[in-house]
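# Reading the structure
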Amino acid sequence: VKPLLAEEPEGADRRGRPWKDGRTVLNGVLWILRTGAPWKDLPERYGAHQTVHRRFQKWLESGVLYSVLITLAR
C-alpha cells in the first residue's frame, strides 16, 4: 500500500509543518469509516482531523483511496 500513498507533494518548498505519515492518515480514515464517527471526534493519534479529512478528499478525487482499498481487499 505504501507506494500508493504519496508522502509529500512534488515540488514542496519545505515551509510549514511536515506532512503527516500516509499510513497514520490512512489509519485515521479507516477509523472514521469503521466507526461512523464525525471527523471532529477522530483521536489525536491519527493527526488533526482537518488534515486527515483533507487528505481523504484528495485521495477520493484522485482515485488513490479506491486503489488502496482494492489492494487491501486482495
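Residues numbered from 1 in each chain as written. Predicted model: local features only at pLDDT ≥ 70, side-chain atom pairs only at ≥ 80, totals over all residues. Heavy atoms only, no water.

### Section: the packing of helix α1 (residues 22–35) against helix α2 (residues 49–62)
Quick note on the threshold: As a rule, the C-alpha atoms of each element are fitted with a line to give its axis, helices using only the stretch in contact, and angles between N-to-C directions run from 0 to 180 degrees. Numbering goes from the N terminus for both helices and strands, where a helix is a DSSP run of H or I of at least four residues and a strand is a run of E of at least two. Angle categories are assigned with fixed cut-offs, so that under 35 degrees is roughly parallel, over 145 is roughly antiparallel, 65 to 115 is roughly perpendicular, and the rest are oblique. Should any heavy atoms of two residues lie within 4.5 Å, those residues are considered in contact.
Two elements in contact, α1 and α2, have axes whose closest approach is 9 Å; the angle formed by their N-to-C orientations is 90°. Comparing their axes, α2 and α1 come out roughly perpendicular. Between α1 and α2, the residues in contact are Gly22, Val25, Leu26, Gly28 and Val29 and Val52, Arg55, Phe56 and Trp59, respectively.

### Examining α1
Every α-helical turn comprises 3.6 residues, leaving residues that sit three or four positions apart pointing alike. Stated precisely, the cut-off is as follows: Helix span is expected to be 1.5 Å times the residue number reduced by one. Only protein chains enter the accessibility calculation, which uses a 1.4 Å probe. A residue is then buried if its area is under 20% of the maximum for its type, exposed if over 50%, and partly exposed in between.
Taking 1.5 Å of rise per residue, the 14 residues of α1 would be expected to cover 20 Å, and the 20 Å separating its terminal C-alpha atoms lies within 8% of that figure. Among the residues of α1, those classed as buried are Gly22, Thr24, Val25, Leu26, Gly28, Val29, Trp31 and Ile32. Directly after α1, the chain includes glycine 36, whose backbone phi takes a positive value near 75°.

### Quick look at the packing of aromatic side chains
For clarity, the cut-off: Side-chain rings of Phe, Tyr and Trp (the six-membered ring for Trp) are treated as a pair once their centres are within 6.5 Å; stacked means planes under 30 degrees apart, edge-to-face means over 60, and tilted covers the remaining angles.
On inspection of all chains with the given rule, the structure shows two aromatic pairs. Note on tryptophan 31 and tyrosine 46: the rings are 6.5 Å apart at their centroids and 40° apart in plane angle, and the pair reads as tilted. Of the two residues, tryptophan 31 is situated in helix α1 and tyrosine 46 in the loop between α1 and α2; the sequence distance between them amounts to 15 residues. Judged by relative accessible area, tryptophan 31 falls into the buried class, the value being 14%. Centroid distance tryptophan 39 to phenylalanine 56: 5.4 Å. Interplanar angle 45°. Geometry classified as tilted. Here the residue tryptophan 39 occupies a position in the loop between α1 and α2, and phenylalanine 56 occupies one in helix α2, the gap between them amounting to 17 residues.

### Some thoughts on helix α3 (residues 64–73)
Here is the rule: As used here, the arc belongs to the directions running from the helix axis to the C-beta atoms.
When α3 is considered as a whole, its buried residues turn out to be Val64, Leu65 and Val68. For α3, the angular spread of buried residues about the axis comes to 95°, placing them on one side. In this structure, α3 carries Tyr66 and Ala73 as exposed residues pointing more than 90 degrees from its buried face. Among the structural elements, α1 and α2 are those in contact with the buried residues of α3.

### A few points about the nonpolar core
Using the following cut-off: Buried Ala, Val, Leu, Ile, Met, Phe, Trp, Tyr and Cys residues form a nonpolar core when they are joined through side-chain atoms within 4.5 Å.
Residues Leu5, Leu26, Trp31, Leu42 and Trp59 are the most contacted members of the largest nonpolar core, which totals 15 residues. Those elements giving two or more residues to this core turn out to be α1, α2 and α3. With five residues, α1 is the largest single contributor of residues to this core. Discounting residues that sit within four places of it in the chain, leucine 5 has contacts with Gly22, Arg23, Leu26, Trp59, Val64 and Val68.

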